[in-house]
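Residue-level listing of the chains:
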Amino acid sequence: MAILSEEKKRRYHQLKELLQNYSRQYYIFDDPLVSDAEYDSLYNELLAIEQEFPYLKDNNSPSQQVGAKISKKFKKVHHEDRMLSLENAYNENDISDFFNRVHKLCNKSDVDFILEPKLDGLSCSIIYEKGILIMASTRGDGSIGEDVTSNVLTIQNVPKKIPILESVEIRGEVIMLKKDFEELNRQREANNEKLFANPRNAAAGSLRQLDPSITASRNLAFFSYYVSGYDLKTQQDVLNHLKQWGFTVSEHLLLCHDQTEALQFYKKIEKQRADLDYDIDGIVYKTNDLSLQKMMGTATKYPRHSIAYKFPAQQAETTVLNITVQVGRTGNITPVANLKPVTVGGVVVSRATLHNKDEIEKKDIRVGDRVVLQRAGDVIPQILHVISDARSSDSKPFEFPTRCPCCAAPLIREKGEVAVKCINLNCSAQLIERLIHFVSKDAFNIDGLGEQNIKFFFDQGLIKSPVDIFYLENRNSELQLEQVEGWGKQSVANLFSSINRSKNVTLDRFICALGIPQFGKTASKLVAKYFKNYKSFLQSIETKNLSELISVNGIGLSMIDDIKLFFTVPNNLDILKTLGGDISNRGLVNVQDVQMTREGILTGLSIVFTGTLQHLSRDEAKQLGENNGAKISSSVSSKTAFVVVGKNAGSKLEKANELGVKTISEEEFLKMMKKTI
Ligand code: IVH
């Protein structure tokens, strides 16, 4: 028999206390202290010790409790059927074990499963009597929850009446859509209120309000997945009936009996996860046949018929190794945290932007701190907060530099601005960043002239301003680039041909390339559309008439200040004219006029692209749609005129089918635009 060392015993009690504390913060105060991943890893450590020394476990152990003790401020509600939790699976082996277990318990190997997304919200039970909603409660500790009836009555998609007379209990998840969560946090930030860590905590904090008018103002939604008190045979029937009765049910479901098929679904939904309107953290596998479910029964905390296959954590903890600052193309100084590499949602992260000086101060992020990282979809990872308990006593606040790390010029911060800036226009870090921006995808899009090569040419003194790029080929008889290490005849020829190709540039890309603060891809398109050709743009600059841009929807006063200021720098105006030309001279490049939209064909229509297109890049397809007057939208609604569907289309296609929105193929779209492949 294993011997319980003093150290292990201490660790066990420490884990128990930590987990109880974390769980209380999470469930009662809706304000988690640690990430889910950290909680799970401590929890698994506790389980391992209990498995080795079962006598340590008592009713007080976190392993014996579902959720948390209920808060005192709400009326208590007793759940007739305990609201259980789900067992977690983290890999395919766990899933294989689950399949084997179910097959064994059912004594057959062809059992149907239904797969549903695991919504990341808080579970809620709603009771209907004679078709009327009479009670709604939270899960609480599984046996006793909190009465949140008045609050649930304010949730718009919860039916207040259903068309049946039986007394039924409906269970499901109360969630907050990602967009509503972002909006709520924006408002809270503006009011200097504490931000919610994620949509789930926002949903919990909004539902568990003593004043229902607060809940009402928060736009919650309810997704249901369970009925009791009504004679149904399968989980599929449950979902169909729920839908018929007016409940919202997840639209991503799969009925299957095969593990490979189930895995494909898990992977498909994981890919779509970032694009869904709400957070999900895994896929729930449920035995479809309800009589089999009943027969299998429950273990201490979990039913044996279902399991939650969790997605890899999107949050993780790591250590800040160092904080450095970067100089951007407009001179803005951005602090960056260099992190001990950690995997978040399947991607190794070793750096995170800290945005600006205020952000570091607000979150009090210091070198050596343990921090919680979050990665939402494709978004750049961000540091959510510091784990202050883990901070060493000699740690010191980060001292923001007062001089530019590149040119040593004093840094300044203008009144009302968040950014600290280096205002030396000749600071080489800025020059390089401006060049990188000039050749980037949304600007001149010069293949073969990436960040590394720009730095190389800059260091060699060959490219100091965008103008030098277009002289490179002429100067090559003296430069002999093909002789330089890393370059050869072919790569040099390729480079010159992409530079030459880039000389035919649309007005919006040309404007974007200039690097005027606040004039990225979208704003540059607006300016180009307004001026229609390079000459009118130049004229407006030279006659100091740029204020006229105020009539453009989407261009504000501070943007106009920036563009005016940009052209007061003589060097910027010179570069513009050398590149684009002036009244009497042609420039180095050929700025194309804005294509007039073809009258009528898609004017006033909103269209959506989804899936991988075969003949056009996404940008080209959008451009083509826009040139024909369409508004390109990123999400499908009943207002969408049609959806252009490429390969492997996912949730947007499903949404279109659900709403009865017309879908067309890429080929049909091209034909419509009269462009043959
Ligand atoms: S079935 C025995 N289906 O996950 C519990 N639960 O970790 C049966 N959840 O308490 C629940 N999405 O709050 C089920 N499609 C889904 C779910 C789901 C989210 C939550 C629910 C449950 C928790 C268990």
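Structural data are supplied above this passage.
Quick look at the structure, then.

Rules used throughout
Residues numbered from 1 in each chain as written. Predicted model: local features only at pLDDT ≥ 70, side-chain atom pairs only at ≥ 80, totals over all residues. Heavy atoms only, no water. Helix = DSSP H or I, 4+ residues; strand = E, 2+ residues; numbered from the N terminus. Buried < 20%, exposed > 50% of the residue type's maximum accessible area, 1.4 Å probe, protein only. Contact = heavy atoms within 4.5 Å. Lys, Arg positive; Asp, Glu negative; His and termini not counted. Charge placed at Lys NZ, Arg CZ, Asp CG, Glu CD. Near = heavy atom within 4 Å. Polar contact = N/O pair within 3.5 Å; in protein donor to acceptor, adjacent residues only side chain to side chain. Areas by Shrake-Rupley, 256 points an atom, 1.4 Å probe, with all protein chains shown as cover. Nonpolar A, V, L, I, M, F, W, Y, C, P; charged D, E, K, R; others polar. Pairing = 2+ DSSP bridges. Axes fitted to C-alpha atoms, helices over the stretch in contact; angles between N-to-C directions.

**With respect to the overall build of the protein chain**
Within the protein chain one finds 24 helices and 24 strands. Within the protein chain, the proportion of its 677 residues that are buried is 46%. Sequence-distant contacts in the protein chain: of pairs separated by 6 or more residues, those separated by 24 or more amount to 67%. Positive and negative side-chain charges of the protein chain, numbering 86 and 85 respectively, have mean locations separated by a distance of 2 Å.

**Comments concerning the site of the ligand**
Neighbouring the ligand are 14 residues; Glu116, Leu119, Ser123, Glu173 and Lys286 lie closest to it. Within the backbone of Pro117, a nitrogen or oxygen atom sits 3.2 Å from a nitrogen atom of the ligand. A distance of 2.7 Å separates an oxygen atom of the ligand from a polar side-chain atom of Glu173. Starting from 510 Å² of accessible surface for the ligand in isolation, the protein chains cover 86%. Every element with two or more residues in the shell around the ligand is listed here: β3 (113–119) and β10 (280–287). With 4 residues, β3 is the largest single contributor of residues to the shell around the ligand. Each residue belonging to the shell around the ligand can be placed in one class, and the counts come to 7 nonpolar, 2 polar and 5 charged.

**Section: the sheet that holds strand β21 (residues 606–610)**
Spatial ordering of the open sheet is given by β22-β21-β23-β24, a layout of 4 strands whose pairing is parallel. Edge positions in the sheet fall to β22 (631–633) and β24 (662–665), since each of these pairs with one other strand and no more. Between one strand axis and the next, the sheet turns through 35° on average, direction left out of account. Where β21 meets β22, 3 bridges bridge the pair, whose relative direction is parallel. Bridge pairing in β22 places Ile607 opposite Ile632. Against the sheet, helix α22 (residues 618–627) engages β21 and β22, with an angle of about 165° to β21. Running at roughly 135° to β21, helix α23 (residues 651–659) makes contact with β21, β23 (642–645) and β24 of the sheet.

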